[in-house]
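# Topology and contacts: notes
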Amino acid sequence: MPLPEISASLNDRCFLSLKFSPEQQRLLHAYQQPAFCQEAKWHPANNLHLTLVFLGQQAFAVQQQLWSQSLEVLHELPPFELCFDQLDQFSHAKVLYLGISKPPAALMALQQQLQQLALPFLNAPVPEIFVPHVTLARKFQSADAFPLSVEPLSLLCTEVALYHSVSTELGVSYQSVETYTLVPKG
Ligand code: 3AM
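What you see is a predicted model; the values in this text were computed from it and never measured.

Now for the overall build of the protein chain. Each helix and strand in the protein chain was counted, giving 3 helices and 9 strands. Listed N to C, the secondary structure of the protein chain is β-α-β-β-α-β-β-α-β-β-β-β in terms of helices and strands. Principal-axis analysis of the C-alpha atoms places the extent of the protein chain at approximately 50 × 45 × 30 Å. When burial is assessed residue by residue, the protein chain has 25% of its 186 residues classed as buried.

See below:
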């Protein structure tokens, strides 16, 4: 069976990510409070995602190969729940994110498996520790003490996607070019 076409440009950076539905993005968006930091750049709701592995610029054939290998991992994985319960920051990168105080084993194992597949193609060293997060804002600075506990948000994760970072006049847009829906088991 031929692989579906990926509308790739070699200049696009790509990444594997959890993909949220528009309704889930609306719920995540509620945690974005521009009053928190006026100078910050807040992501539009339709850009909210959870990066699993940053791939960088990759040839079309590599993207195809990685996606098809990822599918073998994803076929084994049922949907799983994540509970977002804290705001935190990567202060050196001036990023504010919504995080998970107790990441489930399913998420950590998925990230490790996908990272292993991608390793031979990565041009940069991978971070030693995977911190699952949804970036809410960049250029964020605050004197507040982080992490801050927030009203927990439980989301059922059902989709994993290959994304491209596309530069537009309105800023970067994250566009899924391949999406897989996890199948409940049993
Ligand atoms: O999911 P977040 O927002 O943390 O920061 C970029 C974004 O992460 C990250 O990939 C995600 C989608 O663009 N990213 C961009 N350039 C990167 C790089 N050179 C990078 N991550 C690691 N190394």
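Lining the immediate environment of the ligand, one finds Phe15, Thr51, Phe54, Ala124, Thr135 and Ser165. A per-class count over the shell around the ligand returns 3 nonpolar, 3 polar and no charged.

Nonpolar side chains tend to gather and get buried jointly when the protein is soluble and globular. Within the largest apolar cluster, 35 residues are counted, with the highest numbers of intra-cluster contacts made by Leu16, Leu96, Leu98 and Val134. Apart from the residues within four sequence positions on either side, Leu96 is in contact with Ala40, Leu87, Gln89, Leu136, Ala137 and Phe140.

An α-helix turns once every 3.6 residues. As a result, residues three or four positions apart point the same way. Between its terminal C-alpha atoms helix H2 (residues 60-74) stretches 21 Å, which fits the 21 Å expected from 15 residues at 1.5 Å a residue. Those residues of H2 that fall on the buried side of the exposure criterion are Gln63, Leu66, Trp67 and Ser70. Down the axis of H2, the buried side of the element spans an arc of 100°, and every buried residue falls inside it. Opposite the packed face of H2, turned more than 90 degrees from it, sit the exposed residues Ala61, Ser68, Leu71 and Glu72. On its buried side, H2 packs onto strand E1 (13-19), helix H3 (105-118), strand E8 (159-168) and strand E9 (171-181).

The next point concerns unusual backbone geometry. At the junction of Phe146 and Pro147, the peptide bond is cis and its omega measures out at 0° in the coordinates. Structurally, Pro147 can be placed in the loop between strand E6 (133-138) and strand E7 (148-157). A positive phi angle is found at Lys94, which is not glycine, with a value near 55°. A residue is classified by how many C-beta atoms lie within 10 Å of it, and Lys94, with 17 of them, is partly exposed. Phi is positive for Lys139, which is not a glycine, with a value near 55°. By secondary structure assignment, the location of Lys139 is in the loop between E6 and E7. We classify Lys139 as partly exposed; it has 13 C-beta atoms within 10 Å.

This paragraph deals with the sheet that holds strand E2 (residues 41-42). With respect to topology, 5 strands assemble into an open sheet ordered E2-E6-E5-E4-E7, the strand pairing being antiparallel. Whereas interior strands pair on both sides, the edge strands pair on one side only; in this sheet they are E2 and E7.

Between H2 and H3, whose axes approach to 10 Å, the crossing angle comes to 150°. By the criterion of interaxial angle, the relationship of H2 to H3 is roughly antiparallel. The interaxial crossing formed by H2 with H3 has right-handed handedness. Contacts between H2 and H3 involve Leu66, Gln69, Ser70 and Val73 from the former and Gln113, Leu114, Leu117 and Ala118 from the latter. When grouped by side-chain class, the residues that make up the contact of H2 with H3 number 5 nonpolar, 3 polar and no charged.

The next point concerns the confidence of the model for the protein chain. When pLDDT is averaged across the protein chain, the result is 93; 94% of the residues are at 70 or more. Contacts for the low-pLDDT stretch residues 1-6, under 50 throughout, to residues beyond four places or in other chains number 8 contacts.

Rules and cut-offs
- Residues numbered from 1 in each chain as written.
- Predicted model: local features only at pLDDT ≥ 70, side-chain atom pairs only at ≥ 80, totals over all residues.
- Helix = DSSP H or I, 4+ residues; strand = E, 2+ residues; numbered from the N terminus.
- Buried ≥ 20, exposed ≤ 12 C-beta atoms within 10 Å, placed from the backbone.
- Near = placed C-beta within 6 Å.
- Nonpolar A, V, L, I, M, F, W, Y, C, P; charged D, E, K, R; others polar.
- Core = buried A, V, L, I, M, F, W, Y, C linked by C-beta atoms within 7 Å.
- Contact = placed C-beta atoms within 7 Å.
- Expected span 1.5 Å × (residues − 1).
- Arc of directions from axis to C-beta.
- Pairing = 2+ DSSP bridges.
- Axes fitted to C-alpha atoms, helices over the stretch in contact; angles between N-to-C directions.
- Parallel < 35°, antiparallel > 145°, perpendicular 65-115°, else oblique.
- Left-handed = near helix turned anticlockwise from the far one by under 90°.
- pLDDT = per-residue confidence, 0-100.

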